[in-house]
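Here are the chains, one letter per residue:
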Amino acid sequence: MKSKRLLAGPYLFWSVSFVIIPLLVIVYYAFTSDGGTFTLANLSQITTPENLKALGISLLLSFISTLVCLILAYPLAMILSQKQVNQTSFIVLIFILPMWMNFLLRTMAWQTLLEKNGVINSILGFLHLPALEIINTPYAIILGMVYNFLPFMVLPIYNVLIKIDPNVLNAARDLGANPVQTFLKVTFPLSIPGVISGITMVFVPALTTFVISDLLGGGKILLIGNVIEQSFKQNSNWHVGSGLSLVLMIFIIASMALVAKYDKGEGGTAF
Amino acid sequence: MSNKLIDFQNISKTYGMQTVLDDFNLYIRENEFLTLLGPSGCGKTTTLRILGGFETPDAGRVIFDGKDITDLPPNKRQLNTVFQKYALFTHMTIAENIAFGLKIKNKSKQYIHDKIKYALKLVNLDGYENRMPDSLSGGQQQRIAIARAIVNEPKVLLLDEPLGALDLKLRQDMQYELIRLKNELGITFLYVTHDQEEALTMSDTIVVMNQGYIQQIGTPEMIYNEPENAFVADFIGESNIISATMVEDRLVKILGVNFPCVDEGFGQNKPVDVVIRPEDIDLLKPGEGSIDGVVTHLIFKGVHYEMEVMANNYEWLVHSTDMFPVGTQVSIHVDPFDIQIMKKPESEDEEAVNIEE
């Protein structure tokens, strides 16, 4: 027993030094002022109109992105799960391939594509079609989020769908359900754990991102991630940054708890 | 009993290069317990899936109660299936599982409630309404799968190796349960299995299949006592299958010794296969039987002893309640009506009967 416990040592060391301590440091900064005295002022920074607006936009854009990802990913995951194995691995590869490229690079590529005189508008201009002016708008940010996070929605749903015994679906058909009823009453309920994992894996990074909004929003649209980034880097105010981070964490935990509440005891998926 | 309820007409089915069914013809009568029996890959499950609507035949028609149902989707067919690994809906309670088909048909709450009660009673699982499938044992899950199927009052119940995942004792109990259910419900059962004992115990009619061809159709007694070819003889129970020559009517030469038998019409001096069941061989004192030999193996099997007797260069498998130690000199005797004569396969189609080991 003792030697087995020793094996856990490195992981314990890792999580203490790189997860627990940093978290405590953030909590410390969040609750103290420059002088080191206890204060709630950093937390209440979230109530300033600019910050509330940033949080609101962040929640809205992440919600829309997550929804769009879900709508795009589910049919794709279904198609993939019904294919033969060798066909699937190729299609899955196509989807995963972009993930092997740097995230920043991919987002910058979209910047180039969407620019006023970018690739897409050049092609549209050549075809005498009206130009697409979505760069530096929330639409571009949603596009960037969906593009970057879509695989994180596809894979967990795909993984759940391939594990469903085809005979369970046959049984539903056998008992009189048509294909739509089979999907609504059997396939979808059985895939909820995957959907919840997918939502978590898209919603959380979308809510906290600042790179996508920086590059595709042109600095005009501030998300809560940008506000936090600015307080750390531009204003060098670690106390406010930590306070806002903590509030954001609470928002994430709350929204995940809300999602988990609708996941009837499937257990061990998102949380 | 004489009504043709289901009629498979010239069914063919191919997967890629592999022909699973080739011009398959079979009918099932109303109220019959019919078992498709054969080794894996013989086409029995494909046949059941074609009837269930989960596979479409490449050629041929399926007639159900006088109507062509070949192109009907599974949800439009008046039959229900019990799948091999239960295939219960794990996200629903037992009651919701059983109610699934009835809710789709928009039956009243009271009707559904009564049906659930009735079905659970029928499979001896009263009071399990609110349990989840995962909390039940394999045997209980299988009984729920049966309950879920029969509440829809199908004309035919299809069972795809339903007892395959259960242990021996449970399997035997479930066999009796199924016979009881069949008698209480009075519906037609189409049962698929590779287990000859299950087939012999439960069926009215057994269809022995191999490589997409029907080898023999008959009652359990007919299949066991009068196998039509070496495959059937070998697949159903243990047996001694020996090449022999039919000298004339009622006389067969086995391993150089003439045995009187009861079969006629094979012609004179024609090569045949004979089947002698191990329990039909009597061991006598040397010189008293037809062939003398020596016991080479002895195993105690519980109900009987299993022995191997070397006689005329053939290892005879013998089952007997009397024990003869290894090395005992014995003589083999077989009563004429215990010798089953079978035609040797001639054409290529009949080659399919060749025993796969």
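Residues numbered from 1 in each chain as written. Chains lettered and ligands numbered in written order. Predicted model: local features only at pLDDT ≥ 70, side-chain atom pairs only at ≥ 80, totals over all residues. Heavy atoms only, no water.

## Quick word on the domain arrangement of chain B
Residue and element names in this part refer to chain B. This is how it is decided: As used throughout, domain bounds are those supplied by an automatic or database domain assignment. Contacts between residues were defined by any pair of non-hydrogen atoms, one from each residue, lying within 4.5 Å. Reported buried area values correspond to the accessible surface (1.4 Å probe) lost by two parts on association, with both partners' losses combined. We count a salt bridge whenever a side-chain nitrogen from Lys or Arg sits within 4 Å of a carboxyl oxygen from Asp or Glu. Pairs of N or O atoms are called polar contacts if they sit within 3.5 Å, as long as, within protein, a hydrogen donor faces a hydrogen acceptor (for residues adjacent in sequence, only side-chain-to-side-chain pairs). To qualify as a helix, a DSSP run of H or I must reach at least 4 residues; to qualify as a strand, a run of E must reach at least 2; elements of each kind are numbered from the N terminus. Residues are grouped as follows: Ala, Val, Leu, Ile, Met, Phe, Trp, Tyr, Cys and Pro are nonpolar; Asp, Glu, Lys and Arg are charged; all remaining types, including Gly, are polar.
For chain B, the domain assignment lists domain 1 (4-225) and domain 2 (239-351). Contact residues are listed per partner, giving 4 residues for domain 1 and 4 residues for domain 2. Carbon and sulfur atoms make up 32% of the surface buried where domain 1 meets domain 2, a total of about 350 Å² over both sides. Ranking the residues of domain 1 by area buried against domain 2 places Tyr-213, Tyr-224 and Asn-225 at the top, with a combined share of 93%. Summed over the shared surface of domain 1 and domain 2, the number is 0 salt bridges. Taken together, the links from domain 1 to domain 2 amount to 2 residue pairs in polar contact (both at pLDDT 80 or more). Residue contributions to the side of domain 1 that touches domain 2 peak at 3 residues, all from helix α7 (residues 220-225). Looking at the side of domain 1 that touches domain 2 residue by residue, the class counts come to 3 nonpolar, 1 polar and no charged.

## What to know about the pattern of salt bridges
Residues and elements named next belong to chain B. Enumeration over the complete set of coordinates arrives at 18 salt bridges over all chains. Between Lys-4 and Asp-7 there is a salt bridge, with its nearest N and O atoms 3.9 Å apart. Residues Asp-71 and Arg-61 are paired through a salt bridge, measuring 3.3 Å at the closest nitrogen-oxygen approach. Here Arg-61 lies in strand β4 (residues 59-64) and Asp-71 lies in the loop between β5 (67-68) and β6 (79-82), a separation of 10 residues in the sequence. A single salt-bridge network, built from bridges that share partners, covers Lys-13, Arg-49 and Glu-55.

## Some details on helix α2 (residues 9-30) of chain A
Under the convention used in this document: The span one expects for a helix is its residue count, reduced by one, times 1.5 Å. The quantity called bend is, for any residue, the angle between two axes fitted respectively to the seven residues ending at it and the seven beginning at it.
Its 22 residues place the ends of α2 of chain A 30 Å apart at the C-alpha level, agreeing with the 32 Å of an ideal helix rising 1.5 Å per residue. Of all bends in α2 of chain A, the biggest is about 35°, found at Val-16 of chain A.

## Structural notes on unusual backbone geometry
We count it as follows: Throughout this description, buried means an accessible area under 20% of the type-specific maximum (1.4 Å probe, protein chains only), exposed means over 50%, and partly exposed covers the range between.
A positive phi is found at Asn-136 of chain A, a non-glycine position, where the angle reads about 65°. Mapped onto the elements of the fold, Asn-136 of chain A is located in the loop between α7 (119-126) and α8 (138-162). Judged by its relative accessible area of 27%, Asn-136 of chain A falls in the partly exposed class. Of note, Asp-23 of chain B is a non-glycine position whose phi angle comes to about 50°, a positive value. In this structure, Asp-23 of chain B sits in strand β2 (residues 18-29).

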